[in-house]
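Understanding the architecture of this molecule
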Amino acid sequence: MEKTRNPRWNVARPVSTRILRIRIICIILFIWLIHQQHLFSTYRNALSAKYAPTEFRGINLERAYQLNDRAFVLQAELLARRPSWKKLGAGCEGTTYTFNDNVIKTFTAGRSPFRNCAPRYAGSRWPAEIPASILFGNGNKDVNNTSMLYPSARKIRFLPVKAAFYATASPEAAPEWHLVTPFARNGTLQSLSKKLRTQKLVFNVVDTRYRDNFHDLLQSLQGLHNAGFCHDDIKPDNIFVGEEGEWILGDLGNLRQISHPYHESRLWSDNQQLRDCRANDVLRALKTYILFLRGASFDVGTLDEEFLLRRGPLSEIFWWTMDNAQTMTGDRLRQQSSSETTLPSMRMDEQHEKAGSSEFNGVLPVLHLRKMRASRRVEKMLSLGNSESYARRQAMTWIFGIQQDACTGV
């Protein structure tokens, strides 16, 4: 007689709900770990690319670092009068001071590592801003000449360098790099816009007054690009106002050659930068100019309205640039901007009347809300953000730091 199997062996045992949950959690955790590992590797490589050195090919940095005798005299004077320096501000790079007509910027190795190897100190690094500022700001013949930069170099303006040295203020303190530049008493575009705001001018009048300065800024950028470099950090705080009102391009700490690996990194694309760093510089310059107008004008609501409706010369030039952003150059934008007809200036009493009327209308709840929404949209489109905080978190830089090739000598 054939033996009958027990029915209970023919039915699969049900998996308990608790075990099923554990399995799902383990699978999710495994996928999350793989994803985190991918982000760690991606952003570690991106930060390494960002802090790769700027290549000054064909330029003798040792010779460029040899400033004139006045620089050494100024260096001795500044170090002797160190207690008299007045602190202007501090950031992740270091601290800025003023003394007489000088601005002294000190660089502290730390959160933002130095990108370039120093020519006179084997195995050590210095901020890329020092060689970049000396080369472009001081009219170094290796880069700053009419044949390489621009046919009309007289309007190419970079913040000059008065001295640069590696020293310590006291025997117990560690030595730091110092960069000394002239003190720009008129401030930057950020401070200029605040001063103009008190005059209660409408934006068309401000635009008429400063459009040529914007064209000169584009000419300086074109010269930088012709020399094979990108600024990578155009914003109102990095454009200084000279004694005669001219706009001077400063803060070359992010200067990189056009082919720099940072321009191909995940970090660059995450910040919505254009693929071509030259076009990106030009677009940031235009956004900077519009931000300056918004800060300087009394009728910001009118500017924002025309901006969003693509109405008026300034709005048209912006949207034309956006449509051609990937291939934009400083020369091309300058020519297009020069061909635009600026709206005629109004008399001062008409300016105040129109601005006052605009402010009065803005008090109405519905219109005020609409203006607030328009303002937020414009500010978002003009954003110049270039953050790396997310990348630093994913790359766990507080544990592993930022990977850089060792300096074996220059």
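Here the structure is a predicted model, which is why all the values come from computation and not from measurement. (Residues numbered from 1 in each chain as written. Predicted model: local features only at pLDDT ≥ 70, side-chain atom pairs only at ≥ 80, totals over all residues. Heavy atoms only, no water.)

Below, the discussion takes up the sheet that holds strand β3 (residues 102-107). Taken in spatial order, the five strands of this open sheet run β1-β2-β3-β7-β6, and their pairing is antiparallel. Since the sheet does not close on itself, it has two edges, and those belong to β1 (86-90) and β6 (163-167), each with one partner. The mean inter-strand angle of the sheet, taken between neighbouring strand axes irrespective of direction, is 25 degrees. Strands β2 (94-99), β3, β6 and β7 (176-182) of the sheet are contacted by helix α3 (residues 69-80), whose axis makes an angle of about 50 degrees with β6. Relative to β7, helix α4 (residues 129-137) is tilted by about 30 degrees, and along the sheet it contacts β3, β6 and β7. (Pairing = 2+ DSSP bridges. Helix = DSSP H or I, 4+ residues; strand = E, 2+ residues; numbered from the N terminus. Axes fitted to C-alpha atoms, helices over the stretch in contact; angles between N-to-C directions. Contact = heavy atoms within 4.5 Å.)

Two elements in contact, helix α8 (residues 277-296) and helix α10 (residues 313-323), have axes whose closest approach is 11 Å; the angle formed by their N-to-C orientations is 155 degrees. Here α8 lies roughly antiparallel to α10, going by the angle between them. When the axes of α8 and α10 are compared, the crossing they make is left-handed. Every residue of α10 that contacts α8 at L283, L286, K287, Y289, I290 and L293 is listed here: L314, I317, F318, T321 and M322. (Parallel < 35°, antiparallel > 145°, perpendicular 65-115°, else oblique. Left-handed = near helix turned anticlockwise from the far one by under 90°.)

The next thing to look at is the nonpolar core. In terms of nonpolar packing, the biggest core is built from 48 residues, with F136, W247 and F292 touching the most fellow members. Of the residues forming this core, the biggest block, nine residues, is contributed by helix α6 (residues 203-226). Judged by nonpolar contacts, the second largest core, of 13 residues, contains A46, C230, Y262 and I402. (Core = buried A, V, L, I, M, F, W, Y, C linked by side-chain atoms within 4.5 Å. Buried < 20%, exposed > 50% of the residue type's maximum accessible area, 1.4 Å probe, protein only.)

Most of β7 is tucked away, with five of its seven residues classed as buried. Relative to β7, β3 is paired through six bridges, and the arrangement is antiparallel. Residue N102 lies in a different strand from β7, and its bridge partner there is P182. With five bridges connecting them, β6 and β7 associate as antiparallel partners. Residue pairing across strands places A164 opposite L179, the latter belonging to β7.

At a minimum axis distance of 8 Å, the contact between α6 and helix α11 (residues 330-339) shows a crossing angle of 165 degrees. With respect to their mutual orientation, α6 and α11 come out roughly antiparallel. Crossing of α6 against α11: the hand is left-handed. Here R211, F214, H215, L218, Q219 and Q222 of α6 come into contact with α11, specifically with G330, D331, L333, R334, S337 and S338. A breakdown of the residues in the contact of α6 with α11 according to their chemical character gives three nonpolar, six polar and three charged. (Nonpolar A, V, L, I, M, F, W, Y, C, P; charged D, E, K, R; others polar.)

This next bit is on the state of the cysteines. Across all of its chains, the model carries two disulfides by this definition. Here C117 engages in a disulfide with C407; their sulfurs sit 2.0 Å apart. Sign of the S-S torsion, about -85 degrees for the bond between C117 and C407, identifies this disulfide as left-handed. Separated by 290 residues along the polypeptide, C117 in strand β4 (residues 116-117) and C407 in the segment after α15 (397-400) bring together distant segments of the chain. Judged by its relative accessible area of 13%, C407 is buried. Across the disulfide from C230 sits C277; the S-S distance is 2.0 Å. (Disulfide = S-S within 2.5 Å.)

Looking now at the UniProt feature "transmembrane region" (unreviewed entry) in the protein chain. As recorded in UniProt, the sites labelled "transmembrane region" (unreviewed entry) are residues 20-40. Between the end C-alpha atoms of residues 20-40 the distance is 30 Å, and the span holds 100% helix and 0% strand. (UniProt positions renumbered as here; feature names shortened; annotations may be inferred.)

Moving on, we get to a nonpolar patch on the surface. Nonpolar side chains collect at one region of the surface, where I27, F30, I31 and I34 lie side by side and expose about 420 Å² of accessible area between them. Summarising the element assignment, I34 is placed in helix α1 (residues 17-50). (Patch = residues over 30% accessible without salt bridge, like charges linked within 9 Å, V, L, I, M, F, W, Y side chains within 5 Å. Areas by Shrake-Rupley, 256 points an atom, 1.4 Å probe, with all protein chains shown as cover. Salt bridge = Lys/Arg side-chain N within 4 Å of Asp/Glu carboxyl O.)

This paragraph deals with α3. Here α3 spans 17 Å end to end across 12 residues, near enough to the 16 Å set by a 1.5 Å rise per residue. Those residues of α3 that fall on the buried side of the exposure criterion are A71, L74, Q75 and L78. All buried residues of α3 project into a common sector of 105 degrees when viewed along the axis, lining one side. Summarising the geometry of α3, the exposed residues directed more than 90 degrees from the buried face are D69, V73 and A80. Looking at the buried residues of α3, the elements they touch are β2, β3, β6 and β7. (Expected span 1.5 Å × (residues − 1). Arc of directions from axis to C-beta.)

Within the secondary structure, S315 sits in helix α10. Using a relative accessible area of 3% as the deciding quantity, one classes S315 as buried. One polar contact links the side chain of S315 to the main-chain amide nitrogen of R311, over a distance of 3.4 Å. If near-sequence neighbours (up to four positions away) are discounted, S315 is found in contact with E306, F307 and R310. (Polar contact = N/O pair within 3.5 Å; in protein donor to acceptor, adjacent residues only side chain to side chain.)

Taken together, the buried positions of α11 are occupied by G330, L333, R334 and S337. All buried residues of α11 fall inside an arc of 100 degrees around its axis, so they share one side. Exposed residues on α11 whose side chains face more than 90 degrees from its buried face are Q335 and S339. Turning to α11, the residues buried within the fold contact α6, α8 and α10.

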